[in-house]
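Geometric and topological summary
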Amino acid sequence: MTQIRERTVLFADLRGSTALFETLGNAEASGLVTQTVGLLAQAVDECRGHLIKTLGDGLMAAFDNPKDGIKSAIRMQELLVKSAHRIERLRNMHLQIALARGEVVEIHGDCFGDAVNVAARLLDHAGDGETVVTAEVVQGLSNAQKARFRSLDHISVRGRVEPVHIHVLDQGQGDAGATQFGEVVRAVAPEGIRLVWQDLDRVFNIEQMPIVLGRSTQATYCITDVRVSRSHARIDWQGSSFSLTDLSYNGTFVRFGHGGQTLSLRRGACTLHGAGLIGLGGPPSDTLAPTVRFEVLHHSETDRSPLVMRRGV
């Protein structure tokens, strides 16, 4: 039976499973990933959602209202963190979640439509442990719940003419947020960010935002390479974290940690956390592309060194 309904669509994707297959072998790694995805699926049922399908190392689900979808996303992140405390092999696994809301066509237990396509493609714009959502999802929440989100502005989504306005869930706010959606994972707000390219080693604090990375001598962080646009990318302070936005023609690429997957930002944005690499005009694996090392710093780390303002703007 075919039905057309307004639904909140959720996609979740486990990142880091490739390394498991390399270290554990196909059989053991497949069993662990399947077990973990099954655990995440419990969050769909707990929050009155409908599991559409599992997707190898991820899943797709649908909810009648945005609040249940967000509550399920928070519960999934919580379940993965708790599992990683018990199972050491899961500690390098991270969960990206994306939600979109709109009219979908339901046929034989599956869903189709623009909201499905947008949610699936928004996964490329989520960092490790992040939940990104469309403006339509945020609009369906109460004012108190909306306060848990911050805008990442409009981004281009492959296959869609109009840009999509996306928001990211702040999972580190106080108890008020927890009472709205359930228990949340706490995070310590960063104080600064370190950027290193060749011998250009600088630390910026939040008062110095935004930082423009580009070839122009007027750029805050000037990278003199022909593959870099005059204003290639911008780092903003979004109230609780740093956000990187691509402004270029050739694209900006982000890899978190040493062995994480690479995010491709083409006029899109992602939140920077931990440490990693920013490829300008090509992914970090491309030896010809200029690559900037970044590290998000906390208070004790920003005070420690003569690195701060080592070079002038």
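As a starting point, this report considers the structure included with it.

1. Comments concerning the overall build of the chain
Per the secondary structure count, the chain includes 8 helices and 19 strands. Within the chain, buried positions represent 50% of all 313 residues. If you take every contact in the chain between residues at least 6 apart in sequence, the share linking residues at least 24 apart comes to 58%. With an accessible surface of roughly 14,500 Å², the chain has 49% of that area assigned to carbon and sulfur atoms.

2. Observations concerning unusual backbone geometry
In this chain, M209 is followed by P210 through a cis amide linkage whose omega measures -5 degrees. If you trace the backbone, P210 turns up in the loop between β10 (200-205) and β11 (211-214). One non-glycine residue, R48, lies in the positive phi region at around 60 degrees. Checked against the element boundaries, R48 lands in the loop between α2 (26-46) and β2 (50-54). The exposure class of R48 is exposed, given its relative accessible area of 64%. The residue Q198 is not glycine, and still its phi comes out positive at about 50 degrees. With respect to the helices and strands, Q198 occurs in the loop between β9 (192-197) and β10.

3. Details of the environment of P163
Position of P163 relative to the elements: it lies in the loop between β7 (149-155) and β8 (164-169). When the C-alpha positions of P163 and D153 are compared, they lie 9.4 Å apart, and in sequence the two are 10 residues distant. Those residues within four positions of P163 in sequence are excluded, and the remaining contacts are H154 and I155.

4. What about the pattern of salt bridges?
Going through the model one piece at a time under the given rule, you end up with 12 salt bridges. Linking R7 and E106 is a salt bridge whose minimum nitrogen-to-oxygen distance equals 2.8 Å. Placement of the pair is R7 in strand β1 (residues 2-15) and E106 in strand β4 (residues 94-107), with a sequence separation of 99 residues. The exposure classification of R7 matches that of E106, with both residues buried. Between R227 and D286 there is a salt bridge, and its shortest N-O distance comes to 3.1 Å. Within this pair, whereas R227 is found in the loop between β12 (221-222) and β13 (233-237), its partner D286 is found in the loop between β18 (275-280) and β19 (291-297), the two being separated by 59 residues in sequence.

5. With respect to the sheet that holds β10
Pairing within the open sheet is antiparallel, and its 6 strands lie in the order β10-β9-β19-β18-β15-β16. A strand with exactly one partner marks an edge of an open sheet, and here the two such strands are β10 and β16 (262-265). Here the average twist between neighbouring strands, direction ignored, is 20 degrees. Where β18 and β19 come together, 5 bridges link them in antiparallel fashion. Across the sheet, residue I278 finds its bridge partner in β19, namely V292.

6. A look at the packing of α2 against helix α3 (residues 66-86)
Following both chains from N to C, one finds α2 and α3 inclined at 145 degrees, their axes separated by 9 Å at the closest point. In this structure, α2 crosses over α3, and the sense of that crossing is right-handed. On the side of α2, the interface is formed by T36, L39, L40, A43, V44 and E46, while α3 contributes S72, R75, M76, L79, L80 and S83. Residues that form the contact of α2 with α3 fall into these classes: 7 nonpolar, 3 polar and 2 charged.

7. Some details on the side chain of R150
Position of R150 relative to the elements: it lies in strand β7. One buried charged residue, R150, forms no salt bridge at all, with the nearest opposite charge on E130 at 5.0 Å. A polar side-chain atom of R150 sits 3.0 Å from a polar atom in the side chain of T271. Here R150 is in contact with H167, V168, Q238, S240, S241, S243 and T271, once residues within four sequence places are set aside.

8. Some thoughts on the sheet that holds β11
The strand order across the open sheet built from 5 strands is β12-β11-β13-β14-β17, with neighbouring strands paired in mixed fashion. Bordering the open sheet on either side are β12 and β17 (269-272), each of which pairs with just one other strand. Relative to β17, strand β14 (residues 242-246) runs antiparallel, the two sharing 4 bridges. Pairing of L244 across the sheet is with C270, part of β17.

9. As for the packing of aromatic side chains
This structure, assessed with the given rule, holds 3 aromatic pairs. Each ring, one from F204 and one from Y221, has its centre 6.4 Å from the other, and the planes form 65 degrees; the classification is edge-to-face. You can see F204 sitting in strand β10 and its partner Y221 sitting in strand β12, a full 17 residues away along the chain. In this pair, the class of F204 matches that of Y221, namely buried.

Conventions and cut-offs
- Residues numbered from 1 in each chain as written.
- Predicted model: local features only at pLDDT ≥ 70, side-chain atom pairs only at ≥ 80, totals over all residues.
- Heavy atoms only, no water.
- Helix = DSSP H or I, 4+ residues; strand = E, 2+ residues; numbered from the N terminus.
- Buried < 20%, exposed > 50% of the residue type's maximum accessible area, 1.4 Å probe, protein only.
- Contact = heavy atoms within 4.5 Å.
- Areas by Shrake-Rupley, 256 points an atom, 1.4 Å probe, with all protein chains shown as cover.
- Salt bridge = Lys/Arg side-chain N within 4 Å of Asp/Glu carboxyl O.
- Pairing = 2+ DSSP bridges.
- Axes fitted to C-alpha atoms, helices over the stretch in contact; angles between N-to-C directions.
- Left-handed = near helix turned anticlockwise from the far one by under 90°.
- Nonpolar A, V, L, I, M, F, W, Y, C, P; charged D, E, K, R; others polar.
- Lys, Arg positive; Asp, Glu negative; His and termini not counted.
- Polar contact = N/O pair within 3.5 Å; in protein donor to acceptor, adjacent residues only side chain to side chain.
- Phe/Tyr/Trp six-rings, centres within 6.5 Å; stacked < 30°, edge-to-face > 60°.

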